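Reading the structure
Below, each chain spelled out in residue letters.
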Amino acid sequence: AASLILRKNFIVEVTGDYAWEQGMTRFGIDDPIEAFESKKYGPAIEFLRFIQSYVSRLSDRVVVPSEYLKKVVSGWNVKEEKISVIYNSAEIPNIRENKTGLRKRLNIGEEEKILISAGRLVKWKGFDGLLDAFSELTKVNEKLRLIIIGDGPEREKLELKIGPSTPLG
């Protein structure tokens, strides 16, 4: 309404499927997003789904952080030419310590390979599955280390799975 009154463009940023995320968090939905997109659910979830698609269709432009999310949003009957992909970025800190010093501080041997994953620690990001997969990888190669950087509601659960000696970054 404000964009119409002020005669300004209405731009929406969509960083995820809010209806699906709320379904996972509050309504016990366990379906992956691909299955969620093609099923019908109860009135609360359908209302959230309607609102997000309605607002997106009314907008002048929808900005998403990935081609994958562009495909999801176009599934809401939003014209593809209205959707722009602007990838997320991260600010890289200026680290003055050398690699050897950092490895020593993090207790990572020179011979170890490091895998890093960063993101919001929520159920649908798959960090739980990443820990399972990493556990299997270390059976093949003991010289692997996983660093997870992030925070969110799943942090405590993930730390319990990892064990008390390895906090998340």
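Everything discussed here concerns the structure shown above.
Please read these numbers as outputs of a predicted model, since none were measured by experiment.

Cut-offs applied
Residues numbered from 1 in each chain as written. Predicted model: local features only at pLDDT ≥ 70, side-chain atom pairs only at ≥ 80, totals over all residues. Heavy atoms only, no water. Pairing = 2+ DSSP bridges. Helix = DSSP H or I, 4+ residues; strand = E, 2+ residues; numbered from the N terminus. Axes fitted to C-alpha atoms, helices over the stretch in contact; angles between N-to-C directions. Phe/Tyr/Trp six-rings, centres within 6.5 Å; stacked < 30°, edge-to-face > 60°. Buried < 20%, exposed > 50% of the residue type's maximum accessible area, 1.4 Å probe, protein only. Salt bridge = Lys/Arg side-chain N within 4 Å of Asp/Glu carboxyl O. Core = buried A, V, L, I, M, F, W, Y, C linked by side-chain atoms within 4.5 Å. Contact = heavy atoms within 4.5 Å. Right-handed = clockwise from strand over helix to strand, strands pointing away.

Taking strand neighbours across the sheet as the criterion, the 3 strands line up as β1-β2-β3 in an open arrangement whose pairing is parallel. Edge strands, defined here as strands with exactly one partner in the open sheet, are β1 (11–13) and β3 (83–85). The mean inter-strand angle of the sheet, taken between neighbouring strand axes irrespective of direction, is 25°. Direction of pairing for strand β2 (residues 61–64) relative to β3: parallel, over a ladder of 3 bridges. Bridging across to β3, Val62 finds its partner in Ile83.

Attention shifts here to the packing of aromatic side chains. For the coordinates displayed, the defined rule picks out 3 aromatic pairs. A ring pair is formed by Phe36 and Tyr41, whose centres lie 4.9 Å apart and whose planes are at 20°; its orientation type is stacked. Phe36 gets classed as buried once you look at its relative accessible area, which sits at 0%. Overall, Tyr41 belongs to the buried group, its relative accessible area being 17%.

Turning to the pattern of salt bridges, a few remarks are in order. Per the counting criterion, the structure on display carries 11 salt bridges. Between Arg105 and Glu97 there is a salt bridge, with the nearest N and O atoms lying 2.9 Å from each other. Accessibility expressed as a relative area gives 33% for Glu97, which makes it partly exposed. Ionic pairing is found between Asp132 and Lys161, a salt bridge with its closest N-O pair at 2.6 Å. Here the residue Asp132 occupies a position in helix α7 (residues 127–140), and Lys161 occupies one in helix α8 (residues 155–162), the gap between them amounting to 29 residues.

Formed by 19 residues in total, the largest nonpolar core has its most connected members in Val14, Phe36, Val62, Val64 and Val73. Taken together, the elements giving at least two residues each to this core come down to α2 (18–26), α3 (33–38), α4 (43–58), β2 and α5 (67–74). Excluding residues that lie within four positions of it along the chain, Val62 makes contacts with Val12, Val14, Ser56, Val73, Val78, Lys82, Ile83 and Ser84. Core analysis: the next-biggest nonpolar cluster, separate from the first, contains 8 residues, Leu121, Phe134, Leu146 and Ile148 among them.

We now examine the pairing of strand β4 (residues 113–118). Burial runs low along β4: only 0 of the 6 residues are buried. Strand direction decides the pairing type here: β4 and strand β5 (residues 144–149), joined by 6 bridges, are parallel. When the sheet's bridge partners are listed, Lys113 is paired in β5 with Leu144. With α7 bridging β4 and its parallel neighbour β5, the resulting β-α-β unit is right-handed.

These results come straight from atomic positions and should not be treated as a statement about function.
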